[in-house]
Amino acid sequence: MKIFLRFLSWLTSGLCVIAIIYAFSERNFLIRYFSYNGDPLTNPISWFDPTEVINGSKNDNLLVVSNDKFSISKSVLEEVSLYAESQSSLALIIVHNGIIQLEKYWDDADRSVLFNPQSMSKSVLGILVGIAISEGYIDSVDDNIGKYIEEWRGDERGKITIRQALQMSAGLEQMSSSYDLSIFNKAVRHHFGTSFDEMTLSLKQNDPPGTNYEYNNEETNLLGIVIERATGNRYADYLSSRLWKPLELGDAKMYLDRENGSVMKSCCILSRPYDWAKLGYLFIERGLYNGKEIVPASWINQMITPSVNKDFYGLQVWLGSSYIPSKSNNVGAYDKNENPPLYLDEEMLVFLGFGGQRTWVSSKYNLVIVYATKQWANAWIEAKIPNSIISSLQ
């Protein structure tokens, strides 16, 4: 009996030690899991700690309209501002011909406020791929990913091309098809930490590359790993040196799976709404900022070219007026109408993030609109804000 009790004591002590080691190694996951409020849109910025800083060189140099020189009707600006306020907006910024016509914040916020743009961050990654190609770190957008991901050389997944991943046609399995907030849900395990890259690289091939469009966060995460491997830079450092500093944006943050670990690359650049207006204008200016090339115009043109499998998607950007995501779309786009009106600009570009985060870019009308929110809208009409503005300009 004494031997059994001694064994039981050792076993209990051993299990306690294992539990302590596990809790310490998985502390970021556990803290995020137990502090999560159940909604990625309304989660506070502090939830994402630990984070890695994207250093900028802030210069808020967009011109601001004077009272007597509005190029958009004041009544229309008031109309869309009231609509944004009714939809629980955090910020609405409208820039026309390079001049801010409206910059409005709610909930006691101001220009310094950081928000989570969710998957608008994917469009930034698309830009970075083009920069890495222009600098010679990546030879071609049609390179096989196995060329840069050593673990996938000799593997069928290594035959996926960079272009296919950019177009959401790599054929990888989803991290999970469930949104169940369970500690056993693979997607929860992934997005809450502590092994972002490892879990992405463990995914299987579901479909032959290039055959089907399927929106998949992990294909973007995969491309982020390619950028790091090809350039030899941490993702946040490359983003800082190639975009955030050259565009003179404010400091931003990306969340890490663990201290000094990997950032989540498919979403969640914690940043200022103001800076997305400048990112949008990069497309209107075909890659130039103050006359200096940030990304080649030829790459911007590739990004806005419709994919083979879906004409509403380019290279990590949403395109045109042939499609507006419906309520059931898993990227969080939704509309109160069953058949929502299309954009009045057939060549509209959209950086689109879960829950209503938007940057609309119209080169035809020299127009960039940023809509940021930290709450769900009440009765969202996807095209209302851009269409109201464009209609007044026609």
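Up top is the structure.
Read on for an overview of the structure. (Residues numbered from 1 in each chain as written. Predicted model: local features only at pLDDT ≥ 70, side-chain atom pairs only at ≥ 80, totals over all residues. Heavy atoms only, no water.)

**Section: the side chain of D197**
Structurally, the position occupied by D197 is in helix α7 (residues 196–201). Taking relative accessible area as the criterion, D197 reaches 14% and is therefore assigned buried. In this structure, D197 is in contact with I225, E228, S262 and K265, ignoring residues within four places of it in sequence. (Helix = DSSP H or I, 4+ residues; strand = E, 2+ residues; numbered from the N terminus. Buried < 20%, exposed > 50% of the residue type's maximum accessible area, 1.4 Å probe, protein only. Contact = heavy atoms within 4.5 Å.)

**A look at helix α8 (residues 217–231)**
Between its terminal C-alpha atoms α8 stretches 22 Å, which fits the 21 Å expected from 15 residues at 1.5 Å a residue. Taking burial as the measure, the 15 residues of α8 include 13 buried ones, the bulk of the element. The N-capping residue of α8, defined by a side-chain oxygen 2.9 Å from the backbone nitrogen of E218, is N216. In the segment just after α8, G232 is the residue with positive phi, at about 75 degrees. (Expected span 1.5 Å × (residues − 1). Polar contact = N/O pair within 3.5 Å; in protein donor to acceptor, adjacent residues only side chain to side chain.)

**A closer look at the pattern of salt bridges**
Tallied over the entire structure, the rule returns 18 salt bridges. With its nearest N and O atoms 3.9 Å apart, the salt bridge here joins K384 to E79. Taken together, the residues K384 in helix α12 (residues 384–393) and E79 in helix α3 (residues 74–86) connect sequence positions 305 residues apart. In this structure K384 comes out as partly exposed when scored by relative accessible area, which is 28%. With a closest N to O distance of 2.9 Å, D155 and R157 form a salt bridge. Bridged by salt links that share partners, the residues D60, E103, R111, R272 and D275 form one connected network. (Salt bridge = Lys/Arg side-chain N within 4 Å of Asp/Glu carboxyl O.)

**A word on the state of the cysteines**
For the structure on display, the rule yields 1 disulfide. Here C267 connects covalently by a disulfide to C268, the sulfurs 2.2 Å from one another. With the S-S dihedral at roughly -80 degrees, the linkage between C267 and C268 falls on the left-handed side. Pair check on accessibility: C267 and C268 agree, each one buried. (Disulfide = S-S within 2.5 Å.)

**Some details on the sheet that holds strand β3 (residues 89–96)**
Strand pairing within a sheet occurs via backbone hydrogen bonds; the two strands may be parallel or antiparallel. Strands sit in the order β2-β4-β3-β11-β10-β9-β8 across an open sheet of 7 strands; the sheet is mixed. The open sheet has two edge strands with one neighbour each: β2 (63–64) and β8 (318–319). Those strands touched by helix α10 (residues 273–284) are β3, β4 (99–105), β9 (349–353), β10 (357–362) and β11 (367–373), and its axis lies near 150 degrees from that of β11. (Pairing = 2+ DSSP bridges. Axes fitted to C-alpha atoms, helices over the stretch in contact; angles between N-to-C directions.)

**Points about the nonpolar core**
By size, the foremost hydrophobic cluster in this structure holds 74 residues, and its most contacted members are I145, I162, L239, L243, W244, L279 and F283. In terms of residues, this core owes the most to one element, α10, which gives 8 residues. Residues in contact with L279, not counting those within four places in the same chain, are V124, L243, W244, L247, L249 and F351. Counting residues in hydrophobic clusters, the runner-up holds 32 residues, among them L77, W318, Y343 and V350. (Core = buried A, V, L, I, M, F, W, Y, C linked by side-chain atoms within 4.5 Å.)

**Some thoughts on the pairing of β10**
Most of β10 is tucked away, with 6 of its 6 residues classed as buried. Burial of the side chains of β10 extends over both faces: Q357, T359 and V361 are buried on one face and R358, W360 and S362 on the other. With 5 bridges connecting them, β9 and β10 associate as antiparallel partners. For F351, the partnering residue across the bridge sits in β10 and is T359. Here β9 hands over to β10 after 3 residues, with G355 in that stretch at a positive phi of 85 degrees. Here β10 folds back onto β11 in antiparallel fashion, the turn holding 4 residues, of which N366 has a positive phi close to 50 degrees.

**With respect to helix α9 (residues 235–244)**
Where burial is concerned, most of α9 is hidden: 7 out of the 10 residues are buried. Every buried residue belonging to α9 is among Y235, A236, Y238, L239, S240, L243 and W244, and all of these are buried. Next to the buried residues of α9 lie β1 (51–54), α4 (121–134), α8, β5 (252–255) and α10.

**Some thoughts on the side chain of N216**
Secondary-structure assignment places N216 in the loop between α7 and α8. You can call N216 buried: its relative accessible area is 1%. When neighbours within four sequence positions are excluded, N216 is seen to be in contact with M168, L172, E173 and Q174.

**Considerations on the layout of surface pockets**
Of the voids in this model, the largest pocket is the one considered here, and its volume is about 870 Å³. Those elements that place two or more of their residues in the lining of the largest pocket are α6 (186–191) and α8. The greatest single-element share of the lining of the largest pocket, amounting to 3 residues, is contributed by α6. Taken as a whole, the second largest pocket holds about 270 Å³ of empty space. Around the second largest pocket, the lining is made up of 13 residues, and of these L62, Y281, E285, Y289 and N290 lie nearest the centre. Ranked by the residues each element gives to the lining of the second largest pocket, the list is headed by α10, at 3 residues. Grouping the constituent residues of the lining of the second largest pocket by class yields 7 nonpolar, 4 polar and 2 charged. (1 Å grid on protein atoms, 1.4 Å probe; cavity = no way out; pocket = protein on both sides within 12 Å on 5 of 7 lines; lining within 4 Å. Points joined across faces, edges and corners; volume = space filled by probe spheres on them. Nonpolar A, V, L, I, M, F, W, Y, C, P; charged D, E, K, R; others polar.)

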